[in-house]
Amino acid sequence: MMIYGLNTCATTQKARKALEEAGVNVEFRDVRADPLSESELAELIAQFGDRLVDRTSNDWRGLSAWLKHSEAEDQLAAKPKLMARPVIRNGDAFHLGWDEMVLKALLTGE
């Protein structure tokens, strides 16, 4: 299982910890330190669309007007920190965010 997020993101840390405590083998990728490739980003955009961009963040509010009105791919390529987190890949299944329902789905394979 792969978790994409930021080392400094509390929600990503909670997801990682809960899955590891449940005995799940988790790989982690900090998208700021190791940005997504164009093909990886395209795959996530295909799964989540514009929901992949966290428009509630201070970083998004600080974008230029041009970048705010550009495509999600352009926003995330310019500022990987804008990605809503965590993104969890379990085989061919993807999950965006973290809550009890995501944990249950990951542990039961739903």
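Residues numbered from 1 in each chain as written. Predicted model: local features only at pLDDT ≥ 70, side-chain atom pairs only at ≥ 80, totals over all residues. Heavy atoms only, no water.

This brings us to the pairing of strand β4 (residues 93-96). In terms of strand pairing, strand β3 (residues 87-90) meets β4 through four bridges, oriented antiparallel. Of the residues in β4, the one forming a bridge with Asn-90 is Ala-93. Hairpin connection of β3 to β4: two residues between the antiparallel strands, including Gly-91 at a positive phi of 65 degrees. (Pairing = 2+ DSSP bridges. Helix = DSSP H or I, 4+ residues; strand = E, 2+ residues; numbered from the N terminus.)

Under the defined criterion, the tally for this structure stands at five salt bridges. Between Arg-29 and Asp-34 there is a salt bridge, with its nearest N and O atoms 3.2 Å apart. Of the residues examined, Arg-29 reaches a relative accessible area of 12% and is grouped as buried. Given the relative accessible area of 41%, Asp-34 is considered partly exposed. Salt bridges linked by common partners bring Arg-29, Asp-34 and Glu-40 together as one network. (Salt bridge = Lys/Arg side-chain N within 4 Å of Asp/Glu carboxyl O. Buried < 20%, exposed > 50% of the residue type's maximum accessible area, 1.4 Å probe, protein only.)

Turning our attention to the nonpolar core. The biggest cluster of nonpolar side chains holds 21 residues, and the ones touching the most others in it are Tyr-4, Leu-36, Leu-44, Leu-52, Leu-76, Met-83 and Val-87. For this core, the secondary structure elements donating two or more residues are β1 (2-5), α2 (38-48) and α5 (72-78). A total of four residues in this core trace back to one element, the largest contributor, which is α2. Not counting residues within four places of it along the chain, the set of residues in contact with Met-83 comprises Tyr-4, Gly-5, Val-31, Leu-36, Leu-44, Leu-52 and Leu-76. Ala-15, Leu-19, Ile-88 and Leu-103 belong to the second largest nonpolar core, which has nine residues in total. (Core = buried A, V, L, I, M, F, W, Y, C linked by side-chain atoms within 4.5 Å. Contact = heavy atoms within 4.5 Å.)

Of all the residues in helix α6 (residues 100-108), the buried ones are Val-102, Leu-103, Ala-105 and Leu-106. One side of α6 carries all its buried residues, which in axial view fall inside an arc of 165 degrees. Facing away from the buried side of α6 by more than 90 degrees, the exposed set consists of Glu-100, Met-101 and Lys-104. Buried positions along α6 lie against α1 (10-21), β3 and β4. Put simply, Asp-99 is the residue that caps the front of α6, since its side-chain oxygen is 3.0 Å from the backbone nitrogen of Met-101. (Arc of directions from axis to C-beta. Polar contact = N/O pair within 3.5 Å; in protein donor to acceptor, adjacent residues only side chain to side chain.)

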